[in-house]
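Here are the chains, one letter per residue:
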Amino acid sequence: MIRYDKKLSAARACKVSYSYSKCESRSIEFLLSVQDYFNFRKHEVDVFISFTEGPGKLIGYKAMWQRLRKKFRINVKQRTVAHLLLLLDPEGVERRKKGKMKRRSYRVLGPHWLWHIDGYDKLKRFGFAIHGCVDGFSRRVMWLHVASTNNKPEVIAYYYLNLLKEIGFMPTIIRSDRGTENTVIDTIHMALRWHHDDEHAGIESFYKGKSTANERVEKYWRQLRNHSCEWYIRTFKAMQDQNILDVDNALHIQALRFCFGPLIQYDLEEAKDHWNEHRVSRQNLVNLPGVSPMYCSIVRKKTTRVIAKNQ
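Description of the structure in this document.

Procedures and definitions
- Residues numbered from 1 in each chain as written.
- Predicted model: local features only at pLDDT ≥ 70, side-chain atom pairs only at ≥ 80, totals over all residues.
- Heavy atoms only, no water.
- Pairing = 2+ DSSP bridges.
- Helix = DSSP H or I, 4+ residues; strand = E, 2+ residues; numbered from the N terminus.
- Axes fitted to C-alpha atoms, helices over the stretch in contact; angles between N-to-C directions.
- Core = buried A, V, L, I, M, F, W, Y, C linked by side-chain atoms within 4.5 Å.
- Buried < 20%, exposed > 50% of the residue type's maximum accessible area, 1.4 Å probe, protein only.
- Contact = heavy atoms within 4.5 Å.
- Salt bridge = Lys/Arg side-chain N within 4 Å of Asp/Glu carboxyl O.
- Expected span 1.5 Å × (residues − 1).
- Left-handed = near helix turned anticlockwise from the far one by under 90°.
- Nonpolar A, V, L, I, M, F, W, Y, C, P; charged D, E, K, R; others polar.

All right, on to the sheet that holds strand S2 (residues 129–135) then. Read from one edge to the other, the open sheet built from 5 strands follows the order S3-S2-S1-S4-S5, with strand pairing classed as mixed. Strand pairing shows two members of the sheet lacking a second neighbour, strand S3 (141–147) and strand S5 (206–209), which therefore form its edges. For this sheet, the mean inter-axis angle between neighbouring strands, taken without regard to orientation, is 15°. Alignment of S2 against S3, held across 6 bridges, turns out to be antiparallel.

Structure representation (structure tokens):
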């Protein structure tokens, strides 16, 4: 059996241009080389290439491997995907290596003990305001929505109440920045927790502080940009450079929302589902194996029911 490093060398030996600007001229040779050396079927290679030419171009090999399995039912090894990404986009692979960050220590008692909420404004100049909520312990994304604004208090409160109606329980504490958009959700959450008898009931159930200290959700924004939003940012900037889009023209912004709004929300839902199903590394400070954020949330929900039944 040929080793993967030999396969990679052999594939690189083919006189094929892997530049996206020359995609049409290299497609046949590239398909043949990948099929021969990586044992791919033709439709699988087509799926892989088409996926990496959109927002999928921004994600790493582990995220790509998981999406190929979940969405397209293509079962390959992680190192195979890593080698293919290195062939298709060596600059992107190197850029992701340089962008690694050192983790800070973070502790919270358990799932749904502390939720972090915040807005994401990188697409706001193009008319798209994103808002999200992340569970501090499991890192599960509770909601992720795009709208014309994320500064209206009633909009944020709607996201919160809609989620409570869906899942049937609330967090112990919510953490946000000091923005005016949180003036309704804090009142609602404190009112719902007013008659509880724990030490974090009432006014102690909502924390406000600096946006930079809102760690969990701020860290997730970086993941979201790398996995989804960066592609839209580049696309809209390219439209500006070609004088197709004028961000100061209200009609252009409305047309952009009409065309891209549903697409962005769809990609946000996909990014949320992917993040909630990905396997989190084992935590050294807590007695939990490496499991997905969704699994952590389910365990907490079942445990809560058992405790309530025993009481």
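Following the structure, the description resumes.
Counting 25 residues, the largest nonpolar core has Leu-123, Phe-128, Ile-130, Tyr-220, Leu-224 and Phe-236 as the members making the most contacts within it. Of all elements in the fold, only S2, S3, helix H9 (215–241) and helix H10 (250–277) reach the threshold of two or more residues within this core. A total of 9 residues in this core trace back to one element, the largest contributor, which is H9. Once residues lying within four places of it in the same chain are set aside, the contact partners of Tyr-220 are Val-134, Val-141, Leu-144, Ala-271, Lys-272 and Trp-275. Grouped together as the second largest cluster of nonpolar side chains are 16 residues, Trp-115, Cys-133, Trp-143 and Tyr-159 included.

As enumerated under the stated definition, the model contains 6 salt bridges in all. The partner of Lys-124 in a salt bridge is Asp-121, with the nearest N and O atoms 3.9 Å apart. Among the salt bridges present, the one from Glu-269 reaches Lys-272, with a minimum N-O distance of 3.8 Å. Taken together, the positions of Glu-269 and Lys-272, both in helix H10 and 3 residues apart, correspond to about one turn of that helix. For Glu-269, a relative accessible area of 28% gives the class partly exposed. On the accessibility criterion, Lys-272 (14% relative accessible area) is buried. Each of Arg-225, Glu-230 and Arg-234 takes part in salt bridges that share partners, so that together they form one network.

Let's shift gears to the pairing of S2. By the criterion of burial, S2 is predominantly enclosed, with 7 of the 7 residues buried. Of the two faces of S2, the one carrying Ala-129, His-131, Cys-133 and Asp-135 and the one carrying Ile-130, Gly-132 and Val-134 are both buried. Pairing of strand S1 (residues 114–120) with S2 involves 6 bridges; the strand directions are antiparallel. Within the sheet, the bridge partner assigned to Trp-115 lies in S2 and is Asp-135. Counting the residues that bridge the hairpin from S2 to S3 gives 5 residues, and of these Arg-139 lies at a positive phi of roughly 70°.

Right, let's get into helix H7 (residues 153–167). For H7, which comprises 15 residues, the first-to-last C-alpha distance of 22 Å matches the rise-based estimate of 21 Å (1.5 Å per residue) to within 8%. Those residues of H7 not exposed but buried are Pro-153, Val-155, Ile-156, Ala-157, Tyr-159, Tyr-160, Leu-163, Leu-164 and Ile-167.

Describing two packed helices takes the angle between their axes plus the distance from one axis to the other. Where helix H4 (residues 61–72) meets helix H5 (residues 78–88), the axes come as close as 9 Å, and the angle between the chain directions of the two elements is 115°. Between H4 and H5 lies a crossing whose hand is right-handed. Residues Tyr-61, Lys-62, Met-64, Trp-65 and Leu-68 of H4 touch H5, and the partners they reach there are Gln-78, Val-81, Ala-82 and Leu-85. Split by residue class, the contact of H4 with H5 holds 7 nonpolar, 1 polar and 1 charged.

A few words on the environment of Lys-152. Relative to the helices and strands, Lys-152 resides in the loop between S3 and H7. When the C-alpha atoms of Lys-152 and Glu-181 are compared, they prove to be 5.2 Å apart, with 29 residues separating the residues in sequence.

Bringing unusual backbone geometry into the picture now. The residue His-112 is not glycine, and still its phi comes out positive at about 65°. Mapping His-112 onto the fold places it in the loop between helix H6 (90–98) and S1. The residue Asn-243 is not glycine, and still its phi comes out positive at about 60°. Topologically, Asn-243 is positioned in the loop between H9 and H10. The exposed category is assigned to Asn-243, whose relative accessible area is 71%.

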